[in-house]
Amino acid sequence: MEFSQAKNKFIQTWGALGSQWGINKTMAQIHALLMVSPEALSMEDIMSELHISRGNASMNLRSLIDWGIIFKEYKAGERREYFVAESNIDELARKIAKERSKREIKPTLRVLEEVSNLQDTDSKEAAHFKAKTAELHEFVSRADSMLEKITDYKENWITKTILKLMK
């Protein structure tokens, strides 16, 4: 496979995977392009490479900056803004995990807490519902707490142990 085919295949695959971690396809493709680019790219470079509009590029670059996984870079004598991706893969994974917790797990915890505080437990069905949602809330809360501990410490024994187990 030649370089341009491999690069395009990677960008397309990363784009498809984006929906698995809570972002749209174009946002993931921009991230993939920046991740494999040896130099910072301008918005125009990104638009040209991915065949996307200025508005689409601008909106998705802003979102990637909000996630903390790409950064603006300025070049002396240039008016254009340039963009680079987080280069440390461990840091990238940590930032994605934190964002996903904020966007997915925390809202789920709020709903589980709300529905498990059901007052009407007169029926067997309502009592069962309350018990199961409270149990789910406790489980998700513990999982989120563990995820927070892992992501809050860049180089602690828990992270090192988990990374060793994953290899």
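The present account deals with the structure reproduced in this document. Only a predicted model underlies this, so the values are computations on that prediction, with no experimental measurement involved. (Residues numbered from 1 in each chain as written. Predicted model: local features only at pLDDT ≥ 70, side-chain atom pairs only at ≥ 80, totals over all residues. Heavy atoms only, no water.)

Some details on the packing of aromatic side chains
Move 1: The final tally for this structure, using the stated rule, is one aromatic pair.
Move 2: Here the basic side chain of Lys75 rests over the ring of Tyr82, its NZ or CZ set 4.2 Å away from the ring centre. (Phe/Tyr/Trp six-rings, centres within 6.5 Å; stacked < 30°, edge-to-face > 60°. Lys NZ or Arg CZ within 6 Å of the ring centre and 35° of its normal.)

Section: the sheet that holds strand 1 (residues 41–42)
Move 1: Strand order in this open sheet of three strands is 1-3-2, and the pairing throughout is antiparallel. Of all the strands in the sheet, just strand 1 and strand 2 (70–73) have a single pairing partner and so form its edges.
Move 2: In this fold helix 2 (residues 25–36) packs onto strand 1, strand 2 and strand 3 (82–85), with an angle of close to 85 degrees to the strand it touches most, strand 3. (Pairing = 2+ DSSP bridges. Helix = DSSP H or I, 4+ residues; strand = E, 2+ residues; numbered from the N terminus. Contact = heavy atoms within 4.5 Å. Axes fitted to C-alpha atoms, helices over the stretch in contact; angles between N-to-C directions.)

Some details on the nonpolar core
Move 1: In this structure, Ile30, Leu34, Ile46 and Leu61 are the most contacted members of the largest nonpolar core, which totals 25 residues.
Move 2: Not counting chain neighbours up to four residues away, the residues in contact with Ile30 comprise Ile46, Leu50, Ile52, Ala57, Asn60, Leu61 and Leu64. (Core = buried A, V, L, I, M, F, W, Y, C linked by side-chain atoms within 4.5 Å. Buried < 20%, exposed > 50% of the residue type's maximum accessible area, 1.4 Å probe, protein only.)

Observations regarding the environment of Lys25
Move 1: Relative to the assigned elements, Lys25 resides in helix 2.
Move 2: Distance in space between the C-alpha atoms of Lys25 and Asn60 is 9.9 Å, their sequence separation being 35 residues.
Move 3: Contact partners of Lys25, with chain neighbours within four places excluded, come to Gln12 and Gly15.

Regarding the packing of helix 3 (residues 43–50) against helix 4 (residues 54–67)
Move 1: It is at 10 Å that the axes of helix 3 and helix 4 come closest, and there the two elements cross at 115 degrees. Helix 4 is crossed by helix 3, and the crossing has right-handed handedness. For the pair formed by helix 3 and helix 4, the contact residues are Met43, Glu44, Ile46 and Met47 on the first element and Arg54, Ala57, Ser58 and Leu61 on the second.
Move 2: Residues that form the contact of helix 3 with helix 4 fall into these classes: five nonpolar, one polar and two charged. (Left-handed = near helix turned anticlockwise from the far one by under 90°. Nonpolar A, V, L, I, M, F, W, Y, C, P; charged D, E, K, R; others polar.)

Examining the pattern of salt bridges
Move 1: If you walk through the whole model with that rule in mind, you get 13 salt bridges.
Move 2: Across the pair Glu91 and Arg94 runs a salt bridge, and its minimum N-O distance is 2.7 Å. Taken together, the positions of Glu91 and Arg94, both in helix 5 (residues 89–116) and three residues apart, correspond to about one turn of that helix.
Move 3: One salt bridge in this structure joins Lys106 and Glu148, with 2.3 Å as the shortest N-O distance. Note that Lys106 is positioned in helix 5 and Glu148 in helix 6 (residues 124–152), a separation of 42 residues in sequence.
Move 4: On the accessibility criterion, Glu148 (34% relative accessible area) is partly exposed.
Move 5: One network of salt bridges, in which partners are shared, links Glu44, Arg54 and Arg80. (Salt bridge = Lys/Arg side-chain N within 4 Å of Asp/Glu carboxyl O.)

Description of the packing of helix 1 (residues 3–18) against helix 2
Describing two packed helices takes the angle between their axes plus the distance from one axis to the other.
Move 1: Running from amino to carboxyl end, helix 1 crosses helix 2 at an angle of 140 degrees, the nearest separation of the two axes being 7 Å. Regarding the angle of helix 1 to helix 2, the classification is oblique. Seen from above, helix 1 lies across helix 2 with right-handed handedness. In this structure, helix 1 contributes Lys7, Phe10, Ile11, Gln12, Trp14, Gly15 and Gly18 to the contact, and helix 2 contributes Lys25, Ala28, Gln29, His31, Ala32, Leu33, Met35 and Val36.
Move 2: Tallied by class, the residues present in the contact of helix 1 with helix 2 amount to eight nonpolar, five polar and two charged. (Parallel < 35°, antiparallel > 145°, perpendicular 65-115°, else oblique.)

Observations concerning the pairing of strand 3
Move 1: Bridge count for strand 1 against strand 3 is two bridges, and the pairing is antiparallel. Along strand 3, the bridge assignment pairs Leu41 with Phe83.
Move 2: Strand direction decides the pairing type here: strand 2 and strand 3, joined by four bridges, are antiparallel. Bridging across to strand 3, Lys72 finds its partner in Phe83.

Interpretation in functional terms is not warranted from these geometric data alone.
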